[in-house]
Amino acid sequence: WQTLSDRINTVAPSATLAVDSKAKAMKAAGLDVIGFGAGEPNFPTPANVVKAAADACLDPKNYKYTPTPGLPELREAIAAKVLRDSGYEVNADQVVVTNGGKQAVYESFQILLNDGDEVIIPAPYWTSYPEAVKIAGGVPVEVFAGADVNFEPSLEALEAARTEHTKAIIVNSPNNPTGAVWKPETVEAIGRWAVEHHIWVISDEIYEHLNYDDVHTTYIGAAVPECRRQLLVLNGVAKTYAMPGWRVGWMVAPLEVAKAATKLQGHMTSNVANISQRAALAAVAGPLDEVHEMRKAFDARRRAIVTALNDIEGVNCPTPTGAFYAFADITALLGKPLGPKGTVSDTSADFAAALLDEAHVAAVPGEAFGAPGYLRFSYALADEDLAEGMRRFKEWAN
Ligand code: PLP
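What counts, and at which threshold
Residues numbered from 1 in each chain as written. Predicted model: local features only at pLDDT ≥ 70, side-chain atom pairs only at ≥ 80, totals over all residues. Helix = DSSP H or I, 4+ residues; strand = E, 2+ residues; numbered from the N terminus. Rg over C-alpha atoms; globule rule 2.2 N^0.38 Å. Buried ≥ 20, exposed ≤ 12 C-beta atoms within 10 Å, placed from the backbone. Contact = placed C-beta atoms within 7 Å. Near = placed C-beta within 6 Å. Nonpolar A, V, L, I, M, F, W, Y, C, P; charged D, E, K, R; others polar. Pairing = 2+ DSSP bridges. Core = buried A, V, L, I, M, F, W, Y, C linked by C-beta atoms within 7 Å. Domains from an automatic or database assignment. Axes fitted to C-alpha atoms, helices over the stretch in contact; angles between N-to-C directions. Expected span 1.5 Å × (residues − 1). Parallel < 35°, antiparallel > 145°, perpendicular 65-115°, else oblique. Left-handed = near helix turned anticlockwise from the far one by under 90°.

### Topic: the overall build of the protein chain
Here comes step 1: Counting its regular elements, the protein chain contains 14 helices and 14 strands.
Here comes step 2: Its C-alpha atoms give the protein chain a radius of gyration of 21 Å, within 12% of the compact-globule value 21 Å for 398 residues.
Here comes step 3: Reported as C-alpha extents along the three principal axes, the dimensions of the protein chain are approximately 60 × 60 × 55 Å.
Here comes step 4: In the protein chain, buried positions account for 50% of the 398 residues.
Here comes step 5: A sequence separation of at least 24 residues applies to 72% of the contacts in the protein chain between residues at least 6 apart.

### Observations concerning the site of the ligand
Here comes step 1: Looking at the ligand, there are 13 residues lining it, with Gly100, Gly101, Lys102, Gly236 and Ala238 nearest.
Here comes step 2: The biggest single contributor to the shell around the ligand is helix H5 (residues 100–112), with 3 residues.
Here comes step 3: Residue composition of the shell around the ligand, by class: 4 nonpolar, 7 polar and 2 charged.

### Looking at the pairing of strand S2 (residues 95–98)
Here comes step 1: Burial along S2 is two-sided: the residues Val95 and Val97 and Val96 and Thr98 are all buried.
Here comes step 2: Two elements, S2 and strand S8 (residues 249–252), share 4 bridges in a ladder whose sense is antiparallel. Its bridge partner lying in S8, Val96 is registered against Met251.

### Re unusual backbone geometry
Here comes step 1: Here the bond from Ser173 into Pro174 is cis, since omega is -5 degrees, no more than 30 degrees from zero.
Here comes step 2: Checked against the element boundaries, Pro174 lands in the loop between strand S5 (166–171) and helix H8 (184–196).
Here comes step 3: In this structure, the amide linkage connecting Asn176 to the following residue, Pro177, adopts the cis form with an omega of 20 degrees.
Here comes step 4: Structurally, the position occupied by Pro177 is in the loop between S5 and H8.

### A word on the nonpolar core
Here comes step 1: Formed by 123 residues in total, the largest nonpolar core has its most connected members in Val201, Met251 and Ala328.
Here comes step 2: Two domains each put at least three residues into this core: domain 1 (6–44 + 290–397) and domain 2 (47–285).
Here comes step 3: Excluding residues within four positions of it along the chain, Val201 makes contact with Ile169, Val171, Gly191, Ala194, Ile220, Cys227, Gln230 and Leu231.

### A look at the sheet that holds strand S3 (residues 118–123)
By definition, the strands of a sheet pair up through backbone hydrogen bonds, in either a parallel or an antiparallel sense.
Here comes step 1: Here 7 strands make up an open sheet; going across it, the order is S2-S8-S7-S6-S5-S3-S4 and the pairing mixed. The open sheet terminates on both sides in strands that have one partner only, identified here as S2 and strand S4 (139–144). Averaged over neighbouring strand pairs, the angle between their axes works out to 20 degrees when direction is ignored.
Here comes step 2: Across 4 bridges, the pairing between strand S7 (residues 231–236) and S8 is antiparallel.

### Focus: the domain arrangement of the protein chain
Here comes step 1: Considered domain by domain, the protein chain is made up of domain 1 (6–44 + 290–397) and domain 2 (47–285).
Here comes step 2: Domain 1 and domain 2 are separated by 25 Å when their C-alpha centres are compared.
Here comes step 3: Counting residues at the interface gives 34 residues for domain 1 and 31 residues for domain 2.
Here comes step 4: At the level of secondary structure, the elements contributing two or more residues to the side of domain 1 that touches domain 2 comprise helix H2 (15–28), helix H12 (289–310) and strand S9 (325–329).
Here comes step 5: Per-element tally for the side of domain 1 that touches domain 2: the top contributor is H12, with 6 residues.
Here comes step 6: Residue composition of the side of domain 1 that touches domain 2, grouped by class: 19 nonpolar, 8 polar and 7 charged.

### Some remarks on H5
Here comes step 1: Helix length check: H5, at 13 residues, gives a terminal C-alpha distance of 19 Å against a target of 18 Å (1.5 Å per residue), a fit within 8%.
Here comes step 2: Summarising burial for H5: 11 of the 13 residues are buried, a large majority.

### Things to note about the packing of helix H4 (residues 72–86) against helix H11 (residues 274–285)
Here comes step 1: Viewed as axis vectors pointing N to C, H4 and H11 meet at an angle of 25 degrees, and their least axial separation amounts to 9 Å. Taken together, the axes of H4 and H11 are roughly parallel relative to one another. Regarding H4 and H11, the two cross each other, and that crossing is left-handed. Here Glu73, Leu74, Ala77, Ile78 and Lys81 of H4 come into contact with H11, specifically with Gln277, Ala280, Leu281, Val284 and Ala285.

### Observations regarding the sheet that holds strand S13 (residues 364–365)
Here comes step 1: What the 3 strands build is an open sheet, ordered S9-S14-S13; its pairing is antiparallel. Here the strands that pair on one side only, and so sit at the sheet edges, are S9 and S13.
Here comes step 2: The pairing of S13 with strand S14 (residues 374–378) spans 2 bridges and is classified as antiparallel. When the sheet's bridge partners are listed, Pro365 is paired in S14 with Leu375.

See below:
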């Protein structure tokens, strides 16, 4: 007689975490699994950041709660970082430090949406967006753009999806899962369109520093200054500084939104762990040297994985220019007997399951990102694992 809420029953579990935990469980059971599933850098957190945290642990002042929106020094450092990287000024009181970028995503929709409000989500999208929209009572409206157009939504398609209920749009470039970095014209056009139609823009910039081939992140708040009054920028230390487990993210938003996020967070999680904020401060206020080193390593792997994937008959992988994901079209392999058992997969979800079970290679099926027929490969893993995983995939599929 006791039931769960309709709200939670409409939410799908995180598919990316599910693949990762299945791969980890197989590994724990002694199987030699190569994991392309995880969205986390395989580098250690930079030593100066770890040292800042270790020092903070020894100082009793850090055993207390911090203000709900974060340590003042960290909020200042984030505001300074916005000026350094995005080229425009924000005040520290517009910054709210959150438990990872994920909490900033969650809070955005809780703050902005009434029941039935629509959020345009360009697909392929990061798996948590639609679920966070639904939890907030909103309606996700997907607008798909394929590999042929670099996974960039056209303004015509966005306009066709717009209704009187459209409240917000998500921009995520560099993108998870595709690794696409949207052209400046695309980002700018979306910003102008949002201003014209009074649509909130949620710009998830968590992969901002992972760009390759001379492609650069276009910051929508810089490209279209008028949209800043309706812009929520989401970010965090997880990807840039190899700090996924420290759980520090943030939102930079108009003051009214930042205050609302603080109110919500005050009842939900209070502040982010004090020690983690001290670590994040060392990261954000420090130089980007280590990030550039990581980017070089990612770049070499990016080239290796794209070559290896396209070398598998039936796989088509466009070259990504951002983040650390390759997004491969595997539709030509569906419906065909593959591997020693001749397993036939009709969907990319079945395909990913068979690849994991039979070849011990973990990748996330496109269904998790609103893009059936694709598989996402994270190349945030060791070079030799990458090579071995690709060898297994090819041997299994061809
Ligand atoms: N946004 C995007 C696009 C992501 O890929 C991720 C992590 O995978 C996040 C936000 C959240 O990151 P975190 O909560 O670890 O800071």
